[in-house]
Amino acid sequence: MSAHTAEKLAYMANQIARNLVHDDKPVAAVADHIVSFWTPRMIDTLIAQGSAGLDPVAAEALARVADGRIPAPQTRATDPQVHGSDAG
């Protein structure tokens, strides 16, 4: 997906966060909404972009979603930060 698409997804995540900011647990509500209604590709694109351009609630929700989706590397041999990724 393009950078424009990532920006649009960040915009959407911020909209969700603004709409759920008064929820008892806004970060959990935003994370739940993203996991429930976004496609895996949308989520992966936003995770790859990182928290740049995200409101604090949206950024924290994204971190929670990412923690649940990306397993920690088992060794340095499987760490994409060390060796890069062959994906896409």
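Use the structure listed above.
The shown structure was predicted, so the numbers you read here are calculated from the model rather than taken from an experiment. (Residues numbered from 1 in each chain as written. Predicted model: local features only at pLDDT ≥ 70, side-chain atom pairs only at ≥ 80, totals over all residues. Heavy atoms only, no water.)

Between its terminal C-alpha atoms helix H4 (residues 56-69) stretches 20 Å, which fits the 20 Å expected from 14 residues at 1.5 Å a residue. All buried positions along H4 are accounted for by Val57, Ala58, Ala59, Ala61, Leu62, Val65 and Ala66. (Helix = DSSP H or I, 4+ residues; strand = E, 2+ residues; numbered from the N terminus. Expected span 1.5 Å × (residues − 1). Buried < 20%, exposed > 50% of the residue type's maximum accessible area, 1.4 Å probe, protein only.)

Before going further, it helps to spend a moment on the pattern of salt bridges. Pairing between side chains of opposite charge can happen when the charged atoms of each approach one another. Within the structure shown, the criterion is met by 2 salt bridges. Among the ionic pairs, aspartate 55 bridges to arginine 18, the shortest N-O distance being 3.4 Å. One end of the pair, aspartate 55, is in the loop between helix H3 (40-49) and H4; the other, arginine 18, is in helix H1 (residues 3-20), and 37 residues separate them in sequence. You can call arginine 18 partly exposed: its relative accessible area is 46%. Here glutamate 60 makes a salt bridge to arginine 64, at a shortest N to O gap of 3.9 Å. Residue glutamate 60 and its partner arginine 64 are located together in helix H4, separated by 4 residues, close to a single helical turn. Relative accessible area serves as the criterion here: at 42%, glutamate 60 is assigned to the partly exposed category. (Salt bridge = Lys/Arg side-chain N within 4 Å of Asp/Glu carboxyl O.)

Packing of helix H2 (residues 26-37) against H4 brings their axes to within 8 Å, and their N-to-C directions diverge by 60 degrees. Relative to H4, H2 is oriented oblique. The way H2 lies across H4 gives a crossing that is right-handed. Between H2 and H4, the residues in contact are Pro26, Val27, Ala28, Val30, Ala31 and Val35 and Val57, Glu60, Ala61, Arg64 and Val65, respectively. Residue composition of the contact of H2 with H4, by class: 9 nonpolar, no polar and 2 charged. (Axes fitted to C-alpha atoms, helices over the stretch in contact; angles between N-to-C directions. Parallel < 35°, antiparallel > 145°, perpendicular 65-115°, else oblique. Left-handed = near helix turned anticlockwise from the far one by under 90°. Contact = heavy atoms within 4.5 Å. Nonpolar A, V, L, I, M, F, W, Y, C, P; charged D, E, K, R; others polar.)

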